Amino acid sequence: MNTKKKNNRAWFLVLPVVLVVAFTAIIPLMTVANYSVQDVLSPDNRVFVGLEFFRQITTDPAIVAAFQRNIIFSTQILAIEIPLGIMIAKLMPRRGWKAAAALVIVAIPLVIPWNVVGTTWRVFARPDVGLLGVTMNQFRPFDIGNTPADAWFTMVMMDVWHWTPLVALLVYAGLRAIPDAYYQAASIDGASAVSVFRFVELPKLRRVLMIALLLRFMDSFMIYAEPYILTGGGPGTATEVMSILLAVIAVIQFDLGQAAAFSLIYFLIIQIFSFIFFTVLTLDERPGATKRAEKKVKAEARKREMADDAASRSGVTNE
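Here the structure is a predicted model, which means the values were calculated and not measured. (Residues numbered from 1 in each chain as written. Predicted model: local features only at pLDDT ≥ 70, side-chain atom pairs only at ≥ 80, totals over all residues. Heavy atoms only, no water.)

Draft legend 1. Up close: the layout of surface pockets. Reported here for the largest pocket is a volume of approximately 400 Å³. In terms of lining residues, the largest pocket is bounded by 15 residues, among which Leu 246, Ala 259, Ser 263, Leu 264 and Tyr 266 are the most central. Elements that contribute at least two residues to the lining of the largest pocket include exactly helix 1 (11-36), helix 12 (242-252) and helix 13 (256-281). Of all the elements, helix 13 adds the most residues to the lining of the largest pocket, at eight residues. By residue class, the composition of the lining of the largest pocket is 13 nonpolar, two polar and no charged. There is about 150 Å³ of room inside the second largest pocket. When the residues that make up the lining of the second largest pocket are grouped by side-chain class, the tally is seven nonpolar, four polar and three charged. (1 Å grid on protein atoms, 1.4 Å probe; cavity = no way out; pocket = protein on both sides within 12 Å on 5 of 7 lines; lining within 4 Å. Points joined across faces, edges and corners; volume = space filled by probe spheres on them. Helix = DSSP H or I, 4+ residues; strand = E, 2+ residues; numbered from the N terminus. Nonpolar A, V, L, I, M, F, W, Y, C, P; charged D, E, K, R; others polar.)

Quick look at the structure:
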């Protein structure tokens, strides 16, 4: 009989982390949840309203429109940044001083603060002195302050410039982790560069791309500082994403109940989309998926055997 006592003193090592998380995440979240079901009229006068604020948020046309803009923005930047990041990583040298120099150059946009990025692109896109604005005005009128399409285009390009290096660095690290034996085997088989990327590199980059996709989706869906400094959500509401609208409700209108309900719905939407992305991207790694893949391979092998038997029989009959 094992009479050895379990030593639980190791839990004291993680106690500081638990306390920090409690004060920085759990307690604020509970406070927001408390505000979301109360109408705060004054510090001493509060009225319980239940789920009324959540009903208002989900039926508000301005919030629904901001949600649609968020979806469009995240879809566009993912469609641009993921392929562009892979392309940049493929072009980067793998060894020597050139590799170190390329890593430093590619990482430069990532170390620039968000507010500086927004300010830089606001000057960059000015139609009178900005390089982008002056260049675009040589071909067509360009003004992010009055033309919604120009403001949206500039916001997308700003995010692509700022965050594509993150995807490139993640993919570059994934490529460096692939053993040379795979490339040597592909070279012996005479595989083309496209075949090497499709059958060797892309399967090995699945986890890296999943991380890049999740990070960029969450960041793009929560983007605030850059578009706020660039356009302030304008012209009109053309670039007013959910984070900017949430700040307007909480800070300018000072409607704490609606802002709290909005922030909880905002948080839930991000979690749901992230869960969906993670589930879809990891389907092939689950035990059930492995068994289905094995059955599919066996079924294809049986079909090939039946086709070969039919072809051999047909040859014998013709003879």
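Draft legend 2. Here's a closer look at the packing of helix 12 against helix 13. Helix 13 packs onto helix 12 with a crossing angle of 160° between their chain directions and a minimal axis gap of 8 Å. For the element pair helix 12 / helix 13, the angle class is roughly antiparallel. Every pair of crossing elements has a handedness; the one defined by helix 12 and helix 13 is left-handed. Judged by residue contacts, Met 242, Ser 243, Leu 245, Leu 246, Ile 249 and Ala 250 of helix 12 engage Leu 256, Gln 258, Ala 259, Phe 262, Ser 263, Tyr 266 and Ile 269 from helix 13. Looking at the contact of helix 12 with helix 13 residue by residue, the class counts come to 10 nonpolar, three polar and no charged. (Axes fitted to C-alpha atoms, helices over the stretch in contact; angles between N-to-C directions. Parallel < 35°, antiparallel > 145°, perpendicular 65-115°, else oblique. Left-handed = near helix turned anticlockwise from the far one by under 90°. Contact = heavy atoms within 4.5 Å.)

Draft legend 3. The pattern of salt bridges, seen in detail. Taken as a whole, this structure holds nine salt bridges when the rule is applied. Notably, a salt bridge pairs Lys 90 with Glu 201, separated by 2.7 Å at the nearest N-O pair. Within this pair, whereas Lys 90 is found in helix 3 (residues 61-91), its partner Glu 201 is found in helix 9 (residues 193-204), the two being separated by 111 residues in sequence. For Asp 180, the salt bridge identified is with Arg 95, shortest N-O distance 3.6 Å. Of the two residues, Asp 180 sits in helix 8 (residues 180-188) while Arg 95 sits in the loop between helix 3 and helix 4 (97-107), which places them 85 residues apart along the sequence. Relative accessible area serves as the criterion here: at 42%, Asp 180 is assigned to the partly exposed category. For Arg 95, a relative accessible area of 64% gives the class exposed. Several salt bridges share partner residues, and in doing so they unite Glu 81, Asp 159, Arg 216 and Asp 219 into one network. (Salt bridge = Lys/Arg side-chain N within 4 Å of Asp/Glu carboxyl O. Buried < 20%, exposed > 50% of the residue type's maximum accessible area, 1.4 Å probe, protein only.)

Draft legend 4. Focus on a nonpolar patch on the surface. Where nonpolar side chains cluster on the molecular surface, the patch consists of Trp 11, Phe 12, Leu 13, Val 14, Leu 15, Val 18, Leu 19, Phe 23 and Ile 27 and spans about 990 Å² of accessible area. Residue classification places Val 18 among the partly exposed positions, given a relative accessible area of 48%. (Patch = residues over 30% accessible without salt bridge, like charges linked within 9 Å, V, L, I, M, F, W, Y side chains within 5 Å. Areas by Shrake-Rupley, 256 points an atom, 1.4 Å probe, with all protein chains shown as cover.)

Draft legend 5. Representation of the side chain of Glu 81 in the model. Inspection of the secondary structure puts Glu 81 in helix 3. Among the polar contacts made by the side chain of Glu 81, one reaches the side chain of Arg 216 at a distance of 2.7 Å. (Polar contact = N/O pair within 3.5 Å; in protein donor to acceptor, adjacent residues only side chain to side chain.)

Draft legend 6. Spotlight on the nonpolar core. Counting 56 residues, the largest nonpolar core has Phe 73, Ile 82, Val 171, Phe 221, Met 242 and Phe 262 as its most contacted members. Of all the elements, helix 7 (residues 148-176) adds the most residues to this core, at 11 residues. Not counting chain neighbours up to four residues away, the residues in contact with Ile 82 comprise Ile 77, Val 167, Leu 209, Ala 212 and Leu 213. (Core = buried A, V, L, I, M, F, W, Y, C linked by side-chain atoms within 4.5 Å.)

Draft legend 7. Representation of the confidence of the model for the protein. For the protein, per-residue confidence averages 84 on the pLDDT scale, and 86% of positions sit at 70 or higher. The least confident element of the protein, judged by mean pLDDT, is helix 14 (residues 287-318) at 57; the most confident is helix 7 at 94. (pLDDT = per-residue confidence, 0-100.)

Draft legend 8. Broad picture of unusual backbone geometry. That bond from Gly 234 to Pro 235 is cis: its omega, 0°, falls within 30 degrees of zero. With respect to the helices and strands, the residue Pro 235 is situated in the loop between helix 11 (225-230) and helix 12. Unlike most non-glycine residues, Phe 254 shows phi in positive territory, near 55°. Following the sequence through the fold, Phe 254 ends up in the loop between helix 12 and helix 13.

Draft legend 9. Expanded view of the packing of helix 3 against helix 13. Relative to each other, helix 3 and helix 13 sit at 30°, their axes nearing to 13 Å. Taken together, the axis directions place helix 3 and helix 13 in an arrangement best described as roughly parallel. Crossing of helix 3 against helix 13: the hand is right-handed. Facing helix 3, whose interface residues are Ile 63, Phe 67, Asn 70 and Ile 71, helix 13 presents Phe 262, Tyr 266, Ile 269 and Phe 273. The residue makeup of the contact of helix 3 with helix 13, split by class, is seven nonpolar, one polar and no charged.

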